[in-house]
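Take a look at the letters that make up each chain.
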Amino acid sequence: MKKVLKPLIAVIVLALIPWVGITYGKLDYLFAIVIPYAAAAILVLGMLFRLVDWIRRPVPFNIPTTCGQEQSLDWIKTNPLECPSNPFMAAMRVLSEVFLFRSLFRNTRAELYGGPKLVYGSYKWLWLGGLAFHWSMLIIVIRHARFFLDTLPLPIELLETADRFLDVTVPAFYITDAIALAAITFLVLRRLSDEKMRILSLSTDYFPLFLFGAIAVIGISMRYVTKVNVMPVKALAITLAHFGFDAPEPIGVLFYIHLFLVCVLLAYIPFSKLVHMGGIFLSPTRNLPNNSRAKRHKNPWNPDIKFRTYAEYEDEFREKMKKAGLPVEKQ
Amino acid sequence: MNKFSQFLVALAAGLSVFVAAWFFIHAGHRGSVPAHAEVSPAVAAATVKPGGAPVDSAKCILPTDYMRAHHMQVLDKWRKDSVRKGNRTFVNPEGAHFDKSLNTCLGCHGSNPMFCFMCHEYANVKPTCWNCHLSPMEVSQ
């Protein structure tokens with residue numbers, strides 16, 4: 001229970017910080033300008049540090065995980081996506097993982113199914129919930145471009161139109177809002193409903209979920225219920241997008257809570273499990289082609305050995321060898 | 001917990017979220033009339049029983065700050081009330097009567113043909129009002 005309550009309280013306290021700061025401290029400038037830039041800087045530098053660090057790590061062995069037939073003799077059917085033999089197919093495999101979560105599609109769950117026998121079964125709900133969560137979050141983030149750009153590019157406008165195509169409620173109801181909320185709820189309940197998951201889950205698993213949940217709930221509430229005047233919000237977003245430092249006009253405190261939690265999330269990404277958004281591309285078990293039989297994988301740890309040939313040896317000792325009566329190859 | 005009951009729990013959780021979201025969203029429409037106007041019995045009675053002709057007021061129906069954030073919900077509620085329920089009179093907290101019509105707004109705000117568009121363009125908002133209604137830009141001044 002402590003593992004759940006601690007992150008929950010952390011998110012509540014984090015949400016109260018801007019509320020106190022804006023209501024009692026009049027710290028609009030801090031929360032609107034200073035903290036967003038600081039968070040963005042932490043995100044960019046932190047991710048750069050992480051990724052550069054990982055890119056510089058040597059990969060001593062060719063260790064792709066495979067679950068298909070490797071490229072072999074011509075008459076043996078290969079599975080190029082599950083066992084990529086060239087960098088292109090390896091890239092395809094990484095992208096299919098990024099966009100479709102293929103490894104989660106194989107997710108199984110162990111259960112004591114009516115007796116002492118442990119039964120493993122396919123469990124696709126995690127795949128579906130994760131996919132729904134990530135995609136709706138991506139679309140929601142892209143949709144926010146309407147605040148940061150003067151004119152919306154056509155693709156984003158089409159995406160937004162598709163998202164609101166149900167055309168219910170005013171302001172128009174976005175489908176991804178509901179999907180994101182439902183998916184977050186499922187992902188929390190998934191960890192809470194199962195004993196094994198409760199043991200495995202750490203407070204760092206719950207914290208991002210609660211943080212995302214709070215951000216989504218406040219954002220949705222600002223759109224549909226406790227509305228905020230959007231004009232100064234847009235002005236602030238444009239200011240931030242142009243790296244300006246103008247103080248914002250007064251905005252409702254709910255907006256500042258939303259913004260502050262987003263800043264916390266951005267700054268939290270490089271130092272948490274959320275860094276998987278960059279790490280997935282650098283995982284050697286996934287991004288290497290399985291071609292160790294066709295191509296030699298050179299271990300970068302191999303020391304630079306100085307070889308000395310016999311010819312060099314003989315060059316050095318030829319005269320001495322001749323004196324001693326030893327045979328030499330070159331006179 | 002077996003698989004089926006787990007499935008049921010997941011289903012119930014998902015449904016409850018959707019139902020909650022639905023109420024959440026629809027709760028917003030009550031905001032089109034301020035809460036204190038609804039609880040006050042005198043004003044509530046006046047809303048039910050239309051009291052006289054719409055007032056051509058120089059003042060806006062509700063405070064500017066409220067209108068800036070909530071005008072779309074006010075208009076949406078007005079449309080439902082007037083078109084579907086036949087209730088065409090809005091009484092604001094001060095007791096002033098207004099016709100629930102876009103023309104009530106445009107009586108003052110129509111003088112600037114760009115009044116609606118300035119903000120909507122700026123905030124990249126595409127309201128569906130002008131699918132049916134003539135926009136201030138299209139009305140000859």
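Rules and cut-offs
- Residues numbered from 1 in each chain as written.
- Chains lettered and ligands numbered in written order.
- Predicted model: local features only at pLDDT ≥ 70, side-chain atom pairs only at ≥ 80, totals over all residues.
- Helix = DSSP H or I, 4+ residues; strand = E, 2+ residues; numbered from the N terminus.
- Buried ≥ 20, exposed ≤ 12 C-beta atoms within 10 Å, placed from the backbone.
- Contact = placed C-beta atoms within 7 Å.
- Axes fitted to C-alpha atoms, helices over the stretch in contact; angles between N-to-C directions.
- Parallel < 35°, antiparallel > 145°, perpendicular 65-115°, else oblique.
- Left-handed = near helix turned anticlockwise from the far one by under 90°.
- Nonpolar A, V, L, I, M, F, W, Y, C, P; charged D, E, K, R; others polar.
- Pairing = 2+ DSSP bridges.
- Core = buried A, V, L, I, M, F, W, Y, C linked by C-beta atoms within 7 Å.

K.L.:
Honestly, the overall build of chain B in this entry has me stumped. Any pointers?
P.N.:
Counting its regular elements, chain B contains six helices and two strands. Mapped in sequence order, the helices and strands of chain B form the string α-α-α-α-β-β-α-α. Across the 141 residues that make up chain B, the buried fraction comes to 16%. In chain B, 63% of the contacts between residues at least 6 apart in sequence involve partners at least 24 apart.

K.L.:
Is there a simple way to explain the environment of B:Met72 in this structure?
P.N.:
Note that B:Met72 resides in helix α4 (residues 64-85). The exposure class assigned to B:Met72 is partly exposed, which follows from the 18 C-beta atoms found within 10 Å. Separated by 44 residues in sequence, B:Met72 and B:Cys116 have C-alpha atoms that sit 11 Å apart. If near-sequence neighbours (up to four positions away) are discounted, B:Met72 is found in contact with A:Val170, A:Pro171 and B:Pro127.

K.L.:
Before we go on, may I ask you to explain the packing of helix α10 (residues 203-224) of chain A against helix α12 (residues 253-268) of chain A in this structure?
P.N.:
Each pair of packed helices can be summarised by the angle the axes make with each other and by the distance between the axes. All names here are of chain A. Axis separation between α10 and α12 bottoms out at 9 Å; the angle between their running directions is 150°. With respect to their mutual orientation, α10 and α12 come out roughly antiparallel. In this structure, α10 crosses over α12, and the sense of that crossing is left-handed. Of α12, the residues touching α10 (which contributes Leu211, Ala214, Ile215, Ile218, Gly219, Ser221 and Met222) are Leu254, Phe255, Ile257, His258, Leu261, Val262, Val264 and Leu265. Per-class residue counts for the contact of α10 with α12 are twelve nonpolar, three polar and no charged.

K.L.:
Looking at this model, I keep getting lost on the pairing of strand β2 (residues 118-122) of chain A. Mind explaining?
P.N.:
A regular strand carries its side chains on alternate faces of the sheet. Residue and element names in this part refer to chain A. Of all five residues that make up β2, zero are buried, and the element is exposed over most of its length. Relative to β2, strand β1 (residues 108-112) is paired through five bridges, and the arrangement is antiparallel. What sits directly across from Thr108, in β2, is Ser122. Counted between consecutive antiparallel strands, the loop separating β1 from β2 contains five residues, among which Gly114 sits at a positive phi close to 60°.

K.L.:
Mind showing me how you'd approach the nonpolar core here?
P.N.:
By size, the foremost hydrophobic cluster in this structure holds 46 residues, and its most contacted members are A:Ala183, A:Ile184, A:Leu211, A:Ala214, A:Tyr256, A:Phe260 and A:Leu261. Elements supplying a minimum of two residues to this core: α1 (2-23), α2 (28-56), α8 (175-193), α10, α11 (230-241) and α12 of chain A. Ranked by the residues each element gives to this core, the list is headed by α10(A), at twelve residues. Counting residues in each nonpolar core, the second largest holds seven residues, with B:Ile61, B:Val74, B:Trp78 and B:Phe98 among its members.

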